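So the chains spell out like this:
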Amino acid sequence: MPPLTLLPFEKPIADLQAKLEELRALSAKGEVDVDAEAGLMEKKIQAMRQKIYGDLSPWQKVQVARHPQRPYTRDYLEALVPDFTELHGDRLYGDDRAIQGGLGTLGGRRVLILGTQKGRDTRTNLECNFGCPRPEGYRKALRLMRLAARFGVPIVTLIDTPGAFPGLESEERHVAEAIAVNLREMFTFPVPIVVTVIGEGGSGGALGIGVGDRILILEHAYYSVISPEGCAAILWKDRAFADRASEALKLTAQDLHQAGLVDEILPEPLGGAHQDPPAMARRLGEAIGRHLDELSRLSGDELLAGRYEKFRAMGVYAEEAAPAETAPPEDADAPPAEPAD
Amino acid sequence: MPFFRKRTYRNADGKRKDMPGGLWLKCPSCSEILYKRELDDNLGVCRHCGHHFQLTRDQRIRCLAEPDSFVEFDTGITSVDVLGFTGTDSYPDKLAGNIRKTGHKDAVSCGEARIGDHEVALGVMDFSFLGASMGSVVGEKVTRLFEHGLERRHPVVLCCASGGARMYEGMFSLMQMAKTSAAIARLNAAAVPYIPVLTHPTMAGVMASFATLGDAILAEPGALIGFAGPRVIKETTQQELPEGFQRAEFLEKKGLIDLVVPRSELRATLARLLDFLCPSPAAPEPV
Ligand SMILES: [Zn+2]
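Here the structure is a predicted model, which is why all the values come from computation and not from measurement.

Undergrad: Tell me what's going on with the overall build of chain A, and back it up with residues and numbers.
TA: Secondary structure summary: chain A contains 14 helices and 9 strands in total. Its C-alpha atoms give chain A principal-axis dimensions of about 85 × 50 × 45 Å. Split into buried and exposed, the 341 residues of chain A put 55% on the buried side. Counting only contacts in chain A whose residues sit at least 6 apart along the sequence, the fraction spanning at least 24 positions is 71%. Looking at chain A as shown, the accessible area adds up to about 14700 Å², and 53% of this sits on carbon and sulfur atoms.

Shown next, in the form of C-alpha cells:
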C-alpha cells in the first residue's frame, strides 16, 4: 500500500513524520541508537493526531470523507461479504459501475448489499464516473432491491457519492425520475433496510439509495443537501468559501445526529477510516448486523409503518394553533409508529 | 429572465386589491409589446407567440380550479431558521422579504378545489417565493396534501415549480424529498390518482421527488424541466446541449412527460383525465 496522503490540515503530523524518518535513517546507518527517541516521536505523532482529529472543522471533515485512500464500498464488501455475488445491470440500458451491488452473507445473514463506488485511479475513476451514478445506476439499485423484497432478503446500502451525474445523458434518461421512483419504492419493501453513509452523502444522488429503517453514518462522513462548493458558489459567489458553507449547512455526522436525522454515528479509527480499514470494516459490519437483528424481529407491516413515520417526522416548522382543534406539536419526536391503514 | 408578476395586496379588511404595475411589458420570447390587462385576460400567455409567463398563485388557482371552488388549508405553517444559517444573508430576513413580496407565508398553497366534476386536493407552488425551493414547510404541506387526498379518496393535482431544495434548511430540506415520495407510495397503493403539472421552471429536488411521480405528468409549453441546471451541466461536462434541451417538448419526446398542455386547456385536460381515472366522481360523504 502506498504511503497515506496527508491532508493540508495534517501538516503538523507530516512535519513530525519527516523528523521520525530522519531519525530512522540515522539509525539505519548505525550511527546512533534512536529507538527511545523514535518511540517518543511516535507518541508525539499520535498525540498530534488526537489533537487535530478531536477538533475537526466541518470543512476538514469533508476532506477526510473525500480522502483518496478512504475505504470505498468494494473494500467493505471484500472485508465483510466473503461470498459477495455481484448482479449487473438495470435490464433497460446498461450497467452503471457507479452503483454496484449483489447478494451475499454478512455476519451470517444473507443480504442484498449495494453502494455507490468511486475509483482509485484514472481508469477506475472513469469506469465508476467518480462515484456519480447515472439513471441506470439508480434503476439497477431498484431492480436489485425489488429482487430482495420478493425473496425476503434484507437490504444494506452504502453511500459514498459526490452526487448523481449532472450530464446530458443523465437528463435524457431522466435521472430525477429514477431517483424519485427509488424514494417512493423504498417505502414499499417489507424487508429491513439499513443505510450507511460511509464517505460523501451528496444530496439527492445519495438519498436515491438512502431510504431505510436505520440511517448510520461514519464519524467523519458528511451528508448534505448541496455540496459545500455548490453552496458557496451560490451564496458567496465563490467556491473558495466552501469552508464557510460547510459550517452553515450543518452537514457533519454529529450535526445530523443532533438533528435526529441519522440514528447512529460509527466511530472511525484515529485519523480517519483510511488509517485502519480492517478495523473500520469490523465496526461497520458489527453495526449493520446489530441493526438487522433488531429489525428482523419486526413484521413487514411494522417495518413499513415505522419507516413512514420516521421520514414523516423529518422537518421543522412553526404552526399557528388552529382554532377548535389542538395543534400538532412542532416537529416533536415522532409518536410511536402506528400500523398503516 | 424577466417575468410578469401581478402583485396582490391585502387591505385591512382582508380583501385583495390588484395594483397596476407597468401597463405594458415586452414578451421575452417574441419581443412584442403586450398590454398587461390583455395578457392577464389571456391567462398570462403571449397572444403573438404563445409564450407562457409565470403566474401568481391566485392566477394559477383561477386557471386550474372551477371558479370560487378553492378553499385553502394549512395556512398557518411557517418556516423557521432551524440551522441558524450563517451565510451571507440571514434566512429569517429572506423569509420576511418574500412574505412581504408575495403576501404568502411560504412557497406552496394547498386546499380543496373542484376541477370539472371532481373534488380534488389542489396544490400550487409559487416560484416568486424564494424560487419555490422546498424546505420543511413545502415538504410538510405537500405531504399533507397527499394525505388529505388519500383520506378522502380525492385525486391530487399539484402545480409544480421549483429551483430545488432550500439550502438554508440543510438536510431537513433534502429529507422532504423522501417524505413526500412516501406519501405518494400510499396514494398509489390506494389507487387515488395524482397528476403533477410541471411549470417553468421545475428542477432538482422537486423533480427528483413528487414532480416525476405522477400517474400522468403534464407540463406547460416551454417550461424548463430537469435535475441539474443547464449551466451546471455545461460546466461539469463541457457538453454541447441540444436545442430545446430540458424544455417540456424535449422531455415529451424523450418519454418523461405524458402531455404538454397549453395553459388554456389545462383544466379541461385534467378534468378529462380524472374522468377516465375515477369514472364515478366522489359522491357526497354520507351524513
Ligand atoms: Zn411572445
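Undergrad: Account for the nonpolar core, naming residues and giving values.
TA: With 140 residues, the main nonpolar core has Tyr76 and Tyr223 of chain A together with Phe146 and Phe210 of chain B as its most contacted residues. The leading source of residues in this core is helix H5 (residues 170-189) of chain B, at 11 residues. Contact partners of Phe210 of chain B, with chain neighbours within four places excluded, come to Met125, Met134, Val142, Phe146, Leu158, Cys160, Thr180, Ile184, Tyr194 and Pro196 of chain B. With 19 residues, the next largest nonpolar core counts Phe70, Ile195, Val197 and Ala271 of chain B among its residues.

Undergrad: Can you tell me about the environment of Pro166 of chain A, naming the residues and giving the values?
TA: Among the structural elements, Pro166 of chain A can be located in the loop between strand S4 (155-161) and helix H7 (168-172). Linking Pro166 of chain A and Arg134 of chain A, residues 32 residues apart in sequence, is a C-alpha distance of 8.3 Å.

Undergrad: Before we move on, could you go through the domain arrangement of chain A and cite the residues and values that matter?
TA: All names here are of chain A. Along its sequence, chain A is carved into domain 1 (8-55) and domain 2 (63-312). The distance between the C-alpha centroids of domain 1 and domain 2 comes to 36 Å. Each partner contributes to the interface: domain 1 provides 6 residues, whereas domain 2 provides 8 residues. Taken together, the two surfaces of domain 1 and domain 2 that pack against each other cover about 610 Å², and 65% of this comes from carbon and sulfur.

Undergrad: Explain the domain arrangement of chain B to me, and be specific about the residues and the numbers.
TA: All names here are of chain B. Assigned domains within chain B: domain 1 (11-53) and domain 2 (55-277). Its C-alpha centre places domain 1 at a distance of 22 Å from the equivalent point of domain 2. Taken together, the contacts link 7 residues of domain 1 with 9 residues of domain 2. Both faces combined, the contact of domain 1 with domain 2 buries some 640 Å², and carbon together with sulfur accounts for 52% of it.

Undergrad: Explain the interface of chain B and chain A to me, using residue names and the numbers behind them.
TA: Taken together, the 61 residues of chain B in the interface contact 50 residues of chain A. With both chains or domains summed, chain B and chain A bury close to 4800 Å², and 69% of this area falls on carbon and sulfur atoms. Linking chain B to chain A there are 5 salt bridges. Taking the shortest distance from any N to any O, the salt bridge between Glu319 of chain A and Arg144 of chain B comes out at 2.8 Å. Where chain B packs against chain A, one counts 20 residue pairs in polar contact (both at pLDDT 80 or more). Elements with a contribution of two residues or more to the side of chain B that touches chain A: strand S6 (77-79), helix H4 (136-152), H5, helix H7 (230-237) and helix H8 (248-253) of chain B. With 17 residues, H5 of chain B is the single largest residue contributor to the side of chain B that touches chain A. Partitioned by chemical class, the residues of the side of chain B that touches chain A number 32 nonpolar, 20 polar and 9 charged.

Undergrad: Run through unusual backbone geometry, naming residues and quoting values.
TA: Residue and element names in this part refer to chain B. A cis amide bond links His200 to the next residue, Pro201, at an omega of -20 degrees. Its location among the elements puts Pro201 in strand S10 (residues 194-203). Phi at Asp68 is positive, roughly 60 degrees, even though this residue is not glycine. With respect to the helices and strands, the residue Asp68 is situated in the loop between helix H2 (57-64) and strand S5 (71-73). If you check the backbone angles, Gln238 has positive phi at about 55 degrees while not being a glycine.

Undergrad: How would you explain the coordination of the zinc ion if you had to name every residue and give the values?
TA: Residue and element names in this part refer to chain B. Note on the zinc ion: its protein donors are Cys27 (SG), Cys30 (SG), Cys46 (SG) and Cys49 (SG). The metal-donor distances range over 2.2 to 2.4 Å. Coordination at the zinc ion is tetrahedral: its 4 donor atoms span angles of 106 to 114 degrees at the metal. Here Cys49 falls in the partly exposed class, since its relative accessible area comes to 36%.

Calculation notes
- Numbers given to residues run from 1 along each chain, matching the order in which its sequence is written.
- Just so you know, chain letters begin at A and ligand numbers begin at 1, following the order they were written in.
- Given that the model is predicted, a residue must reach a pLDDT of at least 70 before its local features are reported, and side-chain atom pairs must reach 80 or more before they are shown or counted; all residues, however, enter totals for whole chains, interfaces and linings.
- As a rule here, side-chain values come from all non-hydrogen atoms in the structure, and water together with hydrogens is ignored.
- Helix numbers and strand numbers start at the N terminus; a helix is a DSSP run of H or I with at least 4 residues, a strand a run of E with at least 2.
- Only protein chains enter the accessibility calculation, which uses a 1.4 Å probe. A residue is then buried if its area is under 20% of the maximum for its type, exposed if over 50%, and partly exposed in between.
- Contacts between residues were defined by any pair of non-hydrogen atoms, one from each residue, lying within 4.5 Å.
- Surface accessibility in these figures is a Shrake-Rupley result with a 1.4 Å probe; residues are shielded only by whichever protein chains are displayed.
- Each nonpolar core is a collection of buried residues, namely Ala, Val, Leu, Ile, Met, Phe, Trp, Tyr and Cys, held together in the definition by side-chain atoms within 4.5 Å.
- Where a domain begins and ends is set by an automatic assignment or by a domain database.
- A simple way to read buried area is as the amount of 1.4 Å-probe accessible surface that goes missing from two parts once joined, with both sides added.
- Salt bridges are defined as contacts in which a side-chain nitrogen from Lys or Arg sits within 4 Å of a carboxyl oxygen from Asp or Glu.
- Under this definition, polar contacts are N or O atom pairs within 3.5 Å; protein pairs additionally need one hydrogen-donor-capable and one acceptor-capable atom, and for neighbouring residues in sequence, both atoms have to be side-chain atoms.
- Ten residue types, Ala, Val, Leu, Ile, Met, Phe, Trp, Tyr, Cys and Pro, are classed as nonpolar, four, Asp, Glu, Lys and Arg, as charged, and the remainder, Gly among them, as polar.
- Coordination shells were defined by N, O and S atoms within 2.8 Å of each metal, extended to 3.2 Å for Na, K and Ca; water is absent from the atom set, which can make sites look incomplete.
- Irregular is the label for any site that misses the other tests, which are tetrahedral for four donors with all angles between 85 and 135 degrees, and square planar for four donors or octahedral for six when opposite donors exceed 155 degrees and the remaining angles lie between 65 and 115.

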